[in-house]
Amino acid sequence: MREMNGAPWWRRLVAALAPPPVDVAERLAGDYAAEIRLAHDLAEDAETLGRYPQPRAVVLKAAGRAGERGRRLRRALEDLGHPVIEPGPGSGLRTTSAWERLRARVGELGTMRDAYLTSAYAVEREHPEIATLLHDHHRAVEGDRRELIWTLARLAETAVNTTSPEAVAA
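Residues numbered from 1 in each chain as written. Predicted model: local features only at pLDDT ≥ 70, side-chain atom pairs only at ≥ 80, totals over all residues. Heavy atoms only, no water.

(A) Expanded view of the nonpolar core. Grouped together as the largest cluster of nonpolar side chains are 34 residues, with contacts concentrated most on Leu28, Val59, Leu73, Leu134 and Leu148. Of all the elements in the fold, those that place two or more residues in this core are helix 2 (24-47), helix 3 (53-80), helix 4 (98-123) and helix 5 (128-154). Here the element with the most residues in this core is helix 4; it accounts for nine residues. Apart from the residues lying within four places of it in its own chain, the contact partners of Val59 are Leu42, Ala46, Leu49, Leu102 and Leu148. (Core = buried A, V, L, I, M, F, W, Y, C linked by side-chain atoms within 4.5 Å. Buried < 20%, exposed > 50% of the residue type's maximum accessible area, 1.4 Å probe, protein only. Helix = DSSP H or I, 4+ residues; strand = E, 2+ residues; numbered from the N terminus. Contact = heavy atoms within 4.5 Å.)

As C-alpha cells, then:
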C-alpha cells in the first residue's frame, strides 16, 4: 500500500472528511445567551398582554422555563470551567405589535430546538451528560413552542394587535 507523507492515503482521506472537533463550551455559551435573551423577551412580551390573563400566564410560564434552562446551561458551563458571559439585551422587537413579537418567538423557539438537537448529536461521544441535557432542552423548547403556537391560535390576531404604552406615548 502506498503511503503519502507518512500516513496511508485512506487515513488522510478520513481525516479530511471528518467533522472538525466540537467546542462544547462555545456551543453551551451560545445556547445560554439565547435562553437568557428569550426569557427576558418573553417576560417583556407578557407585559403587553395585561388584558389577556390566560395567554399572559402561558407566556410568563414559558419565560420562567427559558430562564431555568438558562440556569442549567450556566451550571454546565461552570462545570466545564468555562467563563460565563452574561448576554446583552434582547431582540429589540419593541416597535412591533404583541402578536408579531409572539410570532417571532415561535420562530426563535424553532431555531433553538433545532440547535439543541444538532449540538446534542455533535457532543454525544465526548460528553454524554451534556448531550442528555441538550436532548432534554430540545424536548422542553419544543413543548414551549407548541404551547405558544396553541396560545396564539386561540387569540384573534386583532385582539393582540396592540402596541405597548411606550409606543403609544411616542
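(B) Seen up close, the side chain of Thr48. Position of Thr48 relative to the elements: it lies in the loop between helix 2 and helix 3. On the accessibility criterion, Thr48 (18% relative accessible area) is buried. Within the structure, Thr48 has its side chain in polar contact with the backbone oxygen of Asp45 (distance 2.6 Å). There is a polar contact of 3.3 Å between the side chain of Thr48 and the side chain of Arg101. (Polar contact = N/O pair within 3.5 Å; in protein donor to acceptor, adjacent residues only side chain to side chain.)

(C) Focus on the pattern of salt bridges. Tallied over the full model, the rule gives 19 salt bridges. One salt bridge in this structure joins Glu147 and Arg65, with 3.4 Å as the shortest N-O distance. Taken together, the residues Glu147 in helix 5 and Arg65 in helix 3 connect sequence positions 82 residues apart. Look at Arg65 and you get partly exposed, because its relative accessible area is 30%. A salt bridge links Arg71 to Glu68; the nearest nitrogen and oxygen atoms lie 3.2 Å apart. With Arg71 and Glu68 both in helix 3, this residue pair falls three residues apart, about one helical turn. According to the relative accessible area criterion, Glu68 is partly exposed, its value standing at 33%. The network of salt bridges with shared partners includes Glu35, Arg65, Arg69, Asp144 and Glu147. (Salt bridge = Lys/Arg side-chain N within 4 Å of Asp/Glu carboxyl O.)

(D) The packing of helix 2 against helix 4, seen in detail. Where helix 2 meets helix 4, the closest approach of the two axes is 11 Å, and the angle between their N-to-C directions is 160°. When the axis of helix 2 is compared with that of helix 4, the two are roughly antiparallel. Remark: the crossing between helix 2 and helix 4 carries left-handed chirality. Across the interface between the two elements, Val24, Arg27, Asp31, Ala34, Glu35, Leu38, Asp41, Leu42 and Asp45 of helix 2 pack against Arg101, Leu102, Arg105, Glu108, Leu109, Met112, Tyr116, Thr118, Ser119, Ala122 and Val123 of helix 4. Among the residues making up the contact of helix 2 with helix 4, the classes are represented as 10 nonpolar, two polar and eight charged. (Axes fitted to C-alpha atoms, helices over the stretch in contact; angles between N-to-C directions. Parallel < 35°, antiparallel > 145°, perpendicular 65-115°, else oblique. Left-handed = near helix turned anticlockwise from the far one by under 90°. Nonpolar A, V, L, I, M, F, W, Y, C, P; charged D, E, K, R; others polar.)

(E) Just a nonpolar patch on the surface, in detail. Among the surface-exposed residues, Trp9, Trp10, Leu13, Val14 and Leu17 lie close enough to one another that they form a single nonpolar patch of about 540 Å² accessible area. Within the secondary structure layout, Trp9 lies in helix 1 (residues 9-17). (Patch = residues over 30% accessible without salt bridge, like charges linked within 9 Å, V, L, I, M, F, W, Y side chains within 5 Å. Areas by Shrake-Rupley, 256 points an atom, 1.4 Å probe, with all protein chains shown as cover.)

(F) Main features of the packing of helix 3 against helix 5. The contact between helix 3 and helix 5 brings their axes to 10 Å, and the two run at 165°. Viewed along their axes, helix 3 and helix 5 adopt a mutual orientation that is roughly antiparallel. In this structure, the crossing between helix 3 and helix 5 has a hand that is left-handed. Contacts between helix 3 and helix 5 involve Pro55, Val58, Val59, Ala62, Arg65, Arg69, Arg72, Leu73, Ala76 and Leu80 on the former and, on the latter, Ile130, Leu133, Leu134, Asp136, His137, Ala140, Val141, Asp144, Glu147, Leu148 and Thr151. Taken together, the residues that form the contact of helix 3 with helix 5 break down as 13 nonpolar, two polar and six charged.

(G) Quick peek at the side chain of Thr151. The topology assignment puts Thr151 in helix 5. The class for Thr151 is buried, based on a relative accessible area of 4%. In this structure, Thr151 is in contact with Pro55 and Val58, ignoring residues within four places of it in sequence.

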